[in-house]
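# Observations on chain architecture
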Amino acid sequence: MAKNNLEVLNALDVAKTQWYHFTAIVIAGMGFFTDAYDLFCISLVTKLLGRIYYHKPGDLKPGSLPPNVSAAVNGVALCGTLAGQLFFGWLGDKMGRKRVYGMTLMLMVICSIASGLSFGHEPKSVIATLCFFRFWLGFGIGGDYPLSATIMSEYANKKTRGAFIAAVFAMQGFGILAGGIFAIIISAAFKAAFPSPIYKVDPVGSTVPQADYVWRIVLMFGALPAAVTYYSRMKMPETARYTALVAKNAKQAAADMSKVLQVELEAEEEKVRSIEAEGKDFGLFTKQFLRRHGLHLLGTTSTWFLLDIAFYSQNLFQKDIFSAIGWIPAANTMNALEEVYRIARAQTLIALCSTVPGYWFTVALIDKMGRFAIQLIGFFFMTVFMFALAIPYHHWTLSDHRIGFVVMYSLTFFFANFGPNATTFVVPAEIFPARLRSTCHGISAAAGKAGAIVGAFGFLYAAQSQDKAKVDKGYPTGIGVKNSLIVLGVVNFLGMLFTLLVPESKGKSLEEMSGENEQEEGRSPSEESKQVLAGHDTGSVLV
């Protein structure tokens, strides 16, 4: 425990798991449920958008989004998320976590609804307004990353902090699952109410006019869970670590946490002033930060960047992989609503069997195994399974082996979520000082979204067949799915190497990891920094 730590912070560190912990998980977690729903539901309806707005009479295949339009629709929310992570991460350290938290939620609610109300009937106007509102939806989602992680880490006790932060992030799995289930329900209901022939039989009649409501309803539904938790977010008190260590208001911090913990806590204003007098308030762009946390920030940004290249290229383009192996029939043998139903069913099955269990394995084991071990194991098995899919790729495309392909593909998702997808979110919320915690988490998350953009846009083109006759309409030839999977395997291997820069934070207080309030007599800040960097756990010894 840090020598000069405040009583209020020590009380939070050693507090038993209480009702307020679970309340905080639900409030922050519902934000992540919404984030995942909003980000991934677009992949369920892009084929439908192509059929409705880009049908060309006489074509043997249904209409599909042109490459530039598909890239914009799939990627614009990721661009907004990246910007939101940087902006709201910085703002969370300047204005406080709670004040900014409400702004992000309202932005998400408004833009979720607006993205389903795209103006006009012409393809250009519909896609332009859809992309505009999805950018700002992403901007709000971006703010949720650093704020949710920081709030949960600053409320949690040090014994189960990893599980609590991971539980917030695990709600992402339920968001992806809910998106698939809701799309199944809506498409099945519309399919039953408005039956239509397959595309080969009647190209125009296969897409009923009412199909235009389906994608709008699916996108707009994301506003509901966010709106439900708005009041609860506004009732949460500011975190004690922000109030005491950043705002320097020990009295308010003690009063807020006395209510939360239901114990009397001393204000300790003198100790706050003495901490302030030590002059440890170095900024992000200083030599002190570089010396103490430079390698940490490189570790968190690089691993999240590499992870998201693989994760988002897989997730956004699941439907293309399923089509390539024959799990979803050829587009011209289905009507528009049947195609939405099949894509949603496949994505739901993957989420149910691998994505959701992977997240909760992390929650159960992160405070036993540690962040470092889980991240290293996750990257290792993602590398193994990617190469196992890629090298004998032709074998997996044969009809007798398609189920095997789906099992292997599911395992890569399982080890992404029981691995770096969860830990890259947890660690940046634990190892940086309170005054820079939200900013550094935002920078790390933004690096991840840069990787997501590379994965989403790059895979769109790279996965195209090398045979011109098999290339999707409007695309150049690519390197094929097999070679794309090999590239992703290499990316995962690099993630394993960069994990060596990330310190282990299991069982340590936030102040212990960041070096705040820790300086002892006769000990220089550089020596203190070295101990934080080196640590005593397996992961940090390898730094």
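Described in the following lines is the structure provided in the data block. Worth saying up front: this structure is predicted, and the values here are computed from it rather than measured. (Residues numbered from 1 in each chain as written. Predicted model: local features only at pLDDT ≥ 70, side-chain atom pairs only at ≥ 80, totals over all residues. Heavy atoms only, no water.)

This paragraph deals with the overall build of the chain. Helices and strands together make up the secondary structure of the chain, namely 25 helices and zero strands. Within the chain, the proportion of its 543 residues that are buried is 60%. Counted over contacts in the chain with a minimum sequence separation of 6, partners at least 24 positions apart contribute 82%. Summing over all exposed atoms, the chain offers an accessible surface of approximately 20,300 Å²; the carbon and sulfur share of this is 67%. (Helix = DSSP H or I, 4+ residues; strand = E, 2+ residues; numbered from the N terminus. Buried < 20%, exposed > 50% of the residue type's maximum accessible area, 1.4 Å probe, protein only. Contact = heavy atoms within 4.5 Å. Areas by Shrake-Rupley, 256 points an atom, 1.4 Å probe, with all protein chains shown as cover.)

Position of Ser112 among the secondary structure elements: in helix 5 (residues 97-115). What makes Ser112 buried here is its relative accessible area of 0%.

Right, let's talk about the pattern of salt bridges for a bit. Two side chains bearing opposite charge may form a pair once their charged atoms approach each other closely. The full count for this structure, using the stated rule, is 14 salt bridges. Between Lys449 and Asp308 there is a salt bridge; the shortest N-O distance is 3.7 Å. Residue Lys449 is found in helix 21 (residues 434-462), and its partner Asp308 is found in helix 14 (residues 287-316); the two are separated by 141 residues along the sequence. Each member of the pair, Lys449 as well as Asp308, is classed as buried. (Salt bridge = Lys/Arg side-chain N within 4 Å of Asp/Glu carboxyl O.)

So, about the nonpolar core. Among the nonpolar cores identified, the biggest contains 142 residues, and Tyr145, Trp215 and Met257 are the most heavily contacted of them. The leading source of residues in this core is helix 7 (residues 161-193), at 16 residues. (Core = buried A, V, L, I, M, F, W, Y, C linked by side-chain atoms within 4.5 Å.)

What follows is about the packing of helix 3 (residues 42-53) against helix 8 (residues 211-220). Two numbers describe a pair of packed helices, the interaxial angle and the distance between the axes. As a packed pair, helix 3 and helix 8 sit with axes 10 Å apart at the nearest point and diverge in direction by 155°. Considered as vectors, helix 3 and helix 8 are oriented roughly antiparallel to each other. At the point where helix 3 passes helix 8, the crossing takes the left-handed sense. Here helix 3 contributes Ile42, Val45, Leu48, Leu49, Ile52 and Tyr53 to the contact with helix 8, which in turn contributes Ala211, Asp212, Val214, Trp215, Arg216, Val218 and Leu219. Among the residues making up the contact of helix 3 with helix 8, the classes are represented as eleven nonpolar, no polar and two charged. (Axes fitted to C-alpha atoms, helices over the stretch in contact; angles between N-to-C directions. Parallel < 35°, antiparallel > 145°, perpendicular 65-115°, else oblique. Left-handed = near helix turned anticlockwise from the far one by under 90°. Nonpolar A, V, L, I, M, F, W, Y, C, P; charged D, E, K, R; others polar.)

Here we come to a nonpolar patch on the surface. There is a patch of nonpolar side chains on the surface, built from Leu295, Leu298, Val490, Phe493, Leu494, Leu497 and Phe498 and spanning about 560 Å² of accessible area. Listed by contribution, the elements that provide at least two residues to the nonpolar patch are helix 14 and helix 22 (480-498). The element that contributes the greatest number of residues to the nonpolar patch is helix 22, accounting for five residues. Within the fold, Phe493 resides in helix 22. (Patch = residues over 30% accessible without salt bridge, like charges linked within 9 Å, V, L, I, M, F, W, Y side chains within 5 Å.)

Attention now moves to unusual backbone geometry. For residues other than glycine, phi is negative in most cases, and the peptide bonds are mostly trans. Even without being a glycine, Lys248 presents a positive backbone phi close to 60°. Here Lys248 lies in the loop between helix 11 (240-246) and helix 12 (250-261). Take Lys248: its relative accessible area is 24%, and that puts it in the partly exposed class.

Using the criterion set out here, one finds 32 aromatic pairs in the structure. Pairing Phe414 with Phe418 gives two aromatic rings, centres 5.9 Å apart and planes at 50°, and the pair type is tilted. Given a relative accessible area of 9%, Phe418 falls into the buried group. What links up through ring pairs into an aromatic cluster is the set Phe361, Phe380, Phe381, Phe385, Phe414, Phe415 and Phe418. Over the ring of Tyr101 we find Arg233; its NZ or CZ atom is 3.6 Å from the centre of that ring. (Phe/Tyr/Trp six-rings, centres within 6.5 Å; stacked < 30°, edge-to-face > 60°. Lys NZ or Arg CZ within 6 Å of the ring centre and 35° of its normal.)

No statement about biological role is implied by the geometric values presented.
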